[in-house]
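Examining the three-dimensional arrangement
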Amino acid sequence: MYLCICRAIRERDVDAAVRAGARKPSDVFRACGKSPQCGSCACDLRARIAHTVREEASQPALMAAD
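Residues numbered from 1 in each chain as written. Predicted model: local features only at pLDDT ≥ 70, side-chain atom pairs only at ≥ 80, totals over all residues. Heavy atoms only, no water.

1. Some points on the environment of A8
What counts, and what does not: Numbering goes from the N terminus for both helices and strands, where a helix is a DSSP run of H or I of at least four residues and a strand is a run of E of at least two. To sort residues, take the accessible area from a 1.4 Å probe on protein chains only and compare it with the maximum for the residue type: under 20% means buried, over 50% means exposed, and anything in between is partly exposed. When checking whether two residues touch, look at their non-hydrogen atoms; a contact exists if any pair is within 4.5 Å.
Following the sequence through the fold, A8 ends up in the loop between β1 (2-4) and β2 (9-10). Accessibility expressed as a relative area gives 35% for A8, which makes it partly exposed. With 42 residues separating them along the chain, A8 and A50 place their C-alpha atoms 20 Å apart. Contact partners of A8, with chain neighbours within four places excluded, come to Y2, D13 and K34.

2. Description of helix α3 (residues 42-58)
One turn of an α-helix holds 3.6 residues; hence residues three or four places apart share an orientation. The line we're drawing: How far a helix is expected to stretch is found by multiplying one less than its residue total by 1.5 Å. This arc is taken over the directions from the axis of the helix to the C-beta atoms.
In this model, α3 (17 residues) spans 24 Å end to end at C-alpha, consistent with the 24 Å of a helix rising 1.5 Å per residue. Among the residues making up α3, those that are buried are A42, L45, R48, I49 and T52. The buried side chains of α3 occupy one side of the element, clustering within an arc of 125 degrees when seen end-on. For α3, the exposed residues lying more than 90 degrees away from the buried face are C43, R54, A57 and S58. In the core, the buried residues of α3 are packed alongside β1, α1 (11-19) and α2 (25-32).

3. Re the pattern of salt bridges
To keep it simple, the criterion reads: Salt bridge, as used here: a side-chain nitrogen of Lys or Arg that lies within 4 Å of a carboxyl oxygen of Asp or Glu.
Across all of its chains, the model carries three salt bridges by this definition. Across the pair D15 and R48 runs a salt bridge whose closest N-O atoms are separated by 2.7 Å. Residue D15 is located in helix α1, and its partner R48 is located in helix α3; the two are separated by 33 residues in the primary sequence. Residue class for D15 comes out buried when judged on its relative accessible area of 12%. In this structure R48 comes out as buried when scored by relative accessible area, which is 17%. The partner of R30 in a salt bridge is D27, with the nearest N and O atoms 3.2 Å apart. Separated by three residues within a single helix, R30 and D27 lie in helix α2, roughly one turn from each other.

4. Structural notes on the packing of α2 against α3
Packed helices, taken two at a time, are described by their axes: the angle between them and the distance between them. Let me state the cut-off plainly: Interaxial angles span 0 to 180 degrees and are taken between N-to-C directions of axes, which are lines fitted to C-alpha atoms, for helices over the stretch in contact. Roughly parallel means an angle under 35 degrees; roughly antiparallel means over 145; roughly perpendicular covers 65 to 115; every other angle is labelled oblique. Three classes are used: nonpolar for Ala, Val, Leu, Ile, Met, Phe, Trp, Tyr, Cys and Pro, charged for Asp, Glu, Lys and Arg, and polar for all others, with Gly counted as polar.
Orientation of α2 relative to α3, taken along the N-to-C sense of each, is 90 degrees, at an axis distance of 9 Å. Taken together, the axes of α2 and α3 lie roughly perpendicular to each other. Contacts between α2 and α3 pair P25, V28 and F29 from the former with A42, L45, R46 and I49 from the latter. Split into classes, the residues belonging to the contact of α2 with α3 amount to six nonpolar, no polar and one charged.

Here is the structure:
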């Protein structure tokens, strides 16, 4: 689903940006190589970032075998 219509940023784009370290909407735009336009997506982006961060934290860490 699109979270930012102006810049065509989807949920999966936000998820990938979060996995790469994004924690704010401006980080997501930067990771996607885009800049904000109208700002109406900021709340949706923040919510998706928080959701993805929570999901990442709840997954068990993979450890390399010795």
